[in-house]
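Observations on the model geometry
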Amino acid sequence: MDDLELAYVHDGSLEGLLTAVFLAFERKEYPSDVSASCRFMPRLGQRIVEVETNMERAWRVRAGIIRVCGMETYQCVVAASLSDEPDAGSSVLSFVRYAMKRGPRARFDKAAPDVERFAEIVRSVRNEHHYWVQFMRFSKTRDGVYVAVCNPKASVVPLLMGWFSARFNTQPFIVFDEVHHVAGVSHNGEWQLVRSPDFVVPPAAVDDAFYEQAWKTFYDSVAIDARYNPELRRSFMPKRLWKNIVELSDVSLGGPGIKEERRPLPKQRNGALKGSAAGGLLDQ
Amino acid sequence: MDTTAKLALLADAAKYDVACTSSGIDRDARMGALGNATAAGICHSFSADGRCITLLKVLFTNVCVFDCAYCASRCSNDVPRTSFRPRELADLTMEFYRRNYIEGLFLSSGVLKSPDYTTERIIECLRILREEYGFRGYIHAKAVPGTSSDLLAALGLLADRISVNMELPSSESLALLCPNKTRDSIVAPMRQIREGIAEDRDTRALMRRDACYMAQRRPARKTRAFAPAGQSTQMIIGATPETDFQILNLSSSLYKTMHMKRVFFSAYLSVNEDGRLPQGNAVQLDREHRLYQADWLMRFYKFDAAELIDEGQPFLATDIDPKANWAINHLDRFPIEVNTAPYEELLRVPGIGVRGAKAIVGARRATALGEAELRKLGVAYKRARFFITCRGRYQGHGTRFDKESLHAQLAAPIQAGSHGRRSGKVLAGQMSLFDGIG
């Protein structure tokens, strides 16, 4: 069914993806690839259609999905659009085609070929989102702003900002995603996304090291030796995340830790991918 | 002593408390106040033993006038003693919370002077957090047995969850090991908490009802609920000779009569030399694991304690999990057809959990499910296949449908990693328990 000769390339934002969905419906085309331009690898002899982001069309697609399938389904589409997987865009397109016929229950038909991959991508983005809800670590800078650096596998900062800015509405903070080069800035419970190629962490507040040390002390005291089970810990807290987790960062750098834990770090993703976030629909 | 040293000492003393959950309450953020809470709870770290760290779990003090045999902080032990100041601990909690280290505070305590005096100190700390700092995160407080009911009522309005530790599953064991505690001093606060929660719920229900034409008079600001996340308790497993049968029946009755949210089990670890206790290094972690599995079956799978265990075989099997054990003893109920069986029956199939059963019910509206589809849905197909048919075809070919063959297929050792105490499978012989006690 898919037209292997055809690829849609959009700018990587949610609006771009929704515009591509609009275009596919309008032209009755079945592109095999719907991809962000920064991530796109053309197949041999493929015809490439550059999709120009159009806010009005994106909003129409958004409204249509919400009308037919409900807000929950739309939230799934938003989550999938933040994925780094190369086939995220095409899975969104085929899911939307399927869901517009089936309605709000479509996303539960996980055994259907058009939903399966989409559901998998949504789940992996949401897992990643949850990891960062759990393991984001802020430190306090000298001017009282709290700062956290993260390196997620999907561009989840837009999903995280609502949560953190409600919870920490009494403190200004910045969350920087060093893989997708997106920063979320929050002040008084309101937040914005900023594209930012680089980020220098300002000097820490005077008492910050004290609380970090206190937390490490607590972390080391609370484990029971007789139950030592590093496999279990790793399965809940993958090692790729350790370098950002205060209480484990010196273990992951080969500092004092238990022998078994000294293994080379997993290969780091480098920041070549351009963010797919920071669009109008994702803003507050 | 400085705060970090105190923290090391008091966290170390609190680590044997297994409960570390921030679940049971949804509380939205409010402008100008720090924190919120979510009903599922969030784990913020995992310690080297793989247990979740969600709350700052510390004792308020490890000074204790009680002398419980199994406890490292008992008054007859010679250990360094210290105590937080209420504001010191409140500040520490706030700073950790701001850095996203924790969901809140879990405050337990040794008994300083008297239960009432200790509870007053705890209340002072929680009051600073809630009222002065406006903290909206999670607070779990321990009720010290013997606390007066007024103080308990005040504690319940500050904490989200309160727990009273059962510690030992029978009053005889309690008398033997905890000379300062009695069954009544434990059950009375549990009952009071249950009634406090029920009363609070009734009051709120009445306030919501629009029963008359008059303008509703509602308090301008919502009052804080009494222990909105319910109560929990904990039992030590393996210090005394109670059987799994007794333990599961006790916890099932606690769920029913005390409306417990959770009953925690803690495998006994020898920290004191004491003739009344089993000595040695054996930790009954596998037994604890099976008890938790049985507990899950009671809470989420609609099993009854009587279905899982009977007096004739008072210990859960270690080589097979309780759900599979139930299934192979009730083969007349299987196989079931995944495309038509109701949700409750799907839940009873080994290898299909709550998530799997829900996914099946959601997916089979659109697609007839076969092996490939079930695997996609996240069902443990290699276990489930012996108990199901797909589109009318039995899936467990190659194995005889009888108890022995299926037992051989489903028996599996508990995955316990390859490093800790459990990697070598140090299993305490259950009979040796009695030796230490006689």
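Not measured: the values here are computed from a predicted model.

Another point: the overall build of chain A. Scanning chain A from terminus to terminus reveals 9 helices and 8 strands. In chain A, which comprises 284 residues, the share counted as buried stands at 46%. A sequence separation of at least 24 residues applies to 71% of the contacts in chain A between residues at least 6 apart.

Our next topic: the UniProt feature "domain: DUF4130" (unreviewed entry) in chain A. Those residues carrying the UniProt feature "domain: DUF4130" (unreviewed entry) are residues 89–247 of chain A in this numbering. Strand forms 15% of residues 89–247 of chain A and helix 45%; the C-alpha atoms that close the span are 37 Å apart.

For an interface, size is often stated in terms of accessible area lost upon the parts coming together. With 44 residues of chain A at the contact, the number on the chain B side is 52 residues. Elements supplying a minimum of two residues to the side of chain A that touches chain B: helix 5 (113–135), helix 6 (157–167), helix 7 (208–222) and helix 8 (230–236) of chain A. Examining the composition of the side of chain A that touches chain B, we find that 9 residues originate from one element, helix 7 of chain A, more than from any other. Counted by class, the side of chain A that touches chain B contains 23 nonpolar, 10 polar and 11 charged residues.

Attention shifts here to the pairing of strand 3 (residues 55–59) of chain B. Residue and element names in this part refer to chain B. Within strand 3, 5 of the 5 residues are buried, which leaves the element mostly enclosed by the surrounding structure. Burial along strand 3 is two-sided: the face carrying Leu 55, Lys 57 and Leu 59 and the face carrying Leu 56 and Val 58 are both buried. Two elements, strand 3 and strand 4 (residues 104–108), share 5 bridges in a ladder whose sense is parallel. Each residue of the ladder has a partner; that of Leu 59, found in strand 4, is Ser 108. The handedness of the strand 3 to strand 4 crossover, carried by helix 2 (residues 86–98), is right-handed.

The next thing to look at is the sheet that holds strand 10 (residues 388–390) of chain B. The strands that make up a sheet are held in pairs by hydrogen bonds between backbone atoms, and each pair lies either parallel or antiparallel. Residues and elements named next belong to chain B. In space, the 3 strands of this open sheet follow the order 9-10-11, with mixed pairing throughout. Edge positions in the sheet fall to strand 9 (336–337) and strand 11 (393–394), since each of these pairs with one other strand and no more. Where strand 10 lies against strand 11, 2 bridges are found, and the strand directions are antiparallel. Bridging from a neighbouring strand, Cys 390 pairs with Arg 393 of strand 11.

Counting residues in each nonpolar core, the largest one holds 194 residues, and the members touching the most others are A:Val21, A:Ala80, A:Val92, A:Val175 and B:Leu10. In contact with A:Val92, not counting residues within four places along its chain, are A:Leu17, A:Val21, A:Val77, A:Ala80, A:Ser81 and A:Phe118.

Before going further, it helps to spend a moment on the confidence of the model for chain A. Residues and elements named next belong to chain A. On average, residues of chain A score 87 in pLDDT, and 87% of them are at 70 or above. Model confidence for chain A, summarised as mean pLDDT per element, is weakest for helix 9 (residues 246–252) at 78 and strongest for helix 2 (residues 55–69) at 97. Here residues 253–279 is modelled with pLDDT under 50, and outside its nearest four sequence neighbours on either side it reaches 50 contacts, counting other chains as well.

All names here are of chain B. A sheet is described by the order of its strands in space; here 6 strands give the open sequence 3-4-5-6-7-8, paired in parallel fashion. Bordering the open sheet on either side are strand 3 and strand 8 (262–267), each of which pairs with just one other strand. For this sheet, the mean angle separating the axes of adjacent strands, direction not counted, is 20°. In this structure, strand 4 lies alongside strand 5 (residues 138–142), joined through 4 bridges in parallel fashion. Considered in strand 5, the bridge of Phe 106 is made with His 140. Helix 3 (residues 115–132) rests against strand 4 and strand 5 of the sheet, and its axis sits at about 175° to strand 5.

Moving on, we come to the environment of B:Asp184. For B:Asp184, the location among the structural elements is in helix 6 (residues 183–208). C-alpha of B:Asp184 to C-alpha of B:Arg81: the two residues are 103 residues apart in sequence and 29 Å apart in space.

Packing of helix 7 of chain A against helix 1 (residues 3–14) of chain B brings their axes to within 8 Å, and their N-to-C directions diverge by 20°. Between helix 7 of chain A and helix 1 of chain B, the angle falls in the class roughly parallel. The element helix 7 of chain A and its partner helix 1 of chain B pack so that their crossing is right-handed. Along the contact surface, helix 7 of chain A presents A:Gln213, A:Ala214, A:Thr217, A:Phe218, A:Ser221 and A:Val222, while helix 1 of chain B presents B:Thr3, B:Thr4, B:Leu7, B:Ala8, B:Ala11 and B:Asp12.

Turning our attention to helix 2 of chain B. The terminal C-alpha atoms of helix 2 of chain B lie 19 Å apart, and with 13 residues this matches the ideal 18 Å at 1.5 Å per residue to within 8%. Each element contacted by the buried residues of helix 2 of chain B is listed here: strand 5 (146–150) and helix 7 of chain A together with helix 1, strand 3, strand 4 and helix 3 of chain B. Two residues or fewer past helix 2 of chain B, B:Asn100 is found with a positive phi of approximately 65°.

Here we take up unusual backbone geometry. Along the chain, B:Phe334 connects to B:Pro335 via a cis peptide bond; the corresponding omega equals -10°. With a phi close to 50°, A:Asn188 is a non-glycine residue in the positive phi region. Relative to the helices and strands, A:Asn188 is located in the loop between strand 7 (182–187) and strand 8 (190–195). With 12 C-beta atoms packed within 10 Å, A:Asn188 lands in the exposed category.

Time to look at helix 2 of chain A. Residues and elements named next belong to chain A. A rise of 1.5 Å per residue sets the reference length of helix 2, with its 15 residues, at 21 Å; its end C-alpha atoms lie 21 Å apart and thus fit the reference within 8%. The set of residues buried in helix 2 consists of Arg 57, Ala 58, Val 61, Ile 65 and Cys 69. Viewed along the axis of helix 2, the buried residues span an arc of 105°, placing them on a single side of the element. Facing away from the buried side of helix 2, by more than 90 degrees, are the exposed residues Glu 56, Ala 63 and Arg 67. Check the buried side of helix 2 and you find it contacts helix 1 (14–27), helix 3 (71–81) and helix 4 (88–102). Positive phi appears at Gly 70, one or two residues downstream of helix 2, with a value of about 95°.

Right, let's talk about the pairing of strand 5 of chain B for a bit. All names here are of chain B. Across the 5 residues that make up strand 5, a large majority, 5, are buried. Of the two faces of strand 5, the one lined by Tyr 138, His 140 and Lys 142 and the one lined by Ile 139 and Ala 141 are each fully buried. Handedness of the strand 4-helix 3-strand 5 crossover: right-handed.

Reading the values: rules and limits
Residues numbered from 1 in each chain as written. Chains lettered and ligands numbered in written order. Predicted model: local features only at pLDDT ≥ 70, side-chain atom pairs only at ≥ 80, totals over all residues. Helix = DSSP H or I, 4+ residues; strand = E, 2+ residues; numbered from the N terminus. Buried ≥ 20, exposed ≤ 12 C-beta atoms within 10 Å, placed from the backbone. Contact = placed C-beta atoms within 7 Å. UniProt positions renumbered as here; feature names shortened; annotations may be inferred. Nonpolar A, V, L, I, M, F, W, Y, C, P; charged D, E, K, R; others polar. Pairing = 2+ DSSP bridges. Right-handed = clockwise from strand over helix to strand, strands pointing away. Core = buried A, V, L, I, M, F, W, Y, C linked by C-beta atoms within 7 Å. pLDDT = per-residue confidence, 0-100. Axes fitted to C-alpha atoms, helices over the stretch in contact; angles between N-to-C directions. Parallel < 35°, antiparallel > 145°, perpendicular 65-115°, else oblique. Left-handed = near helix turned anticlockwise from the far one by under 90°. Expected span 1.5 Å × (residues − 1). Arc of directions from axis to C-beta.

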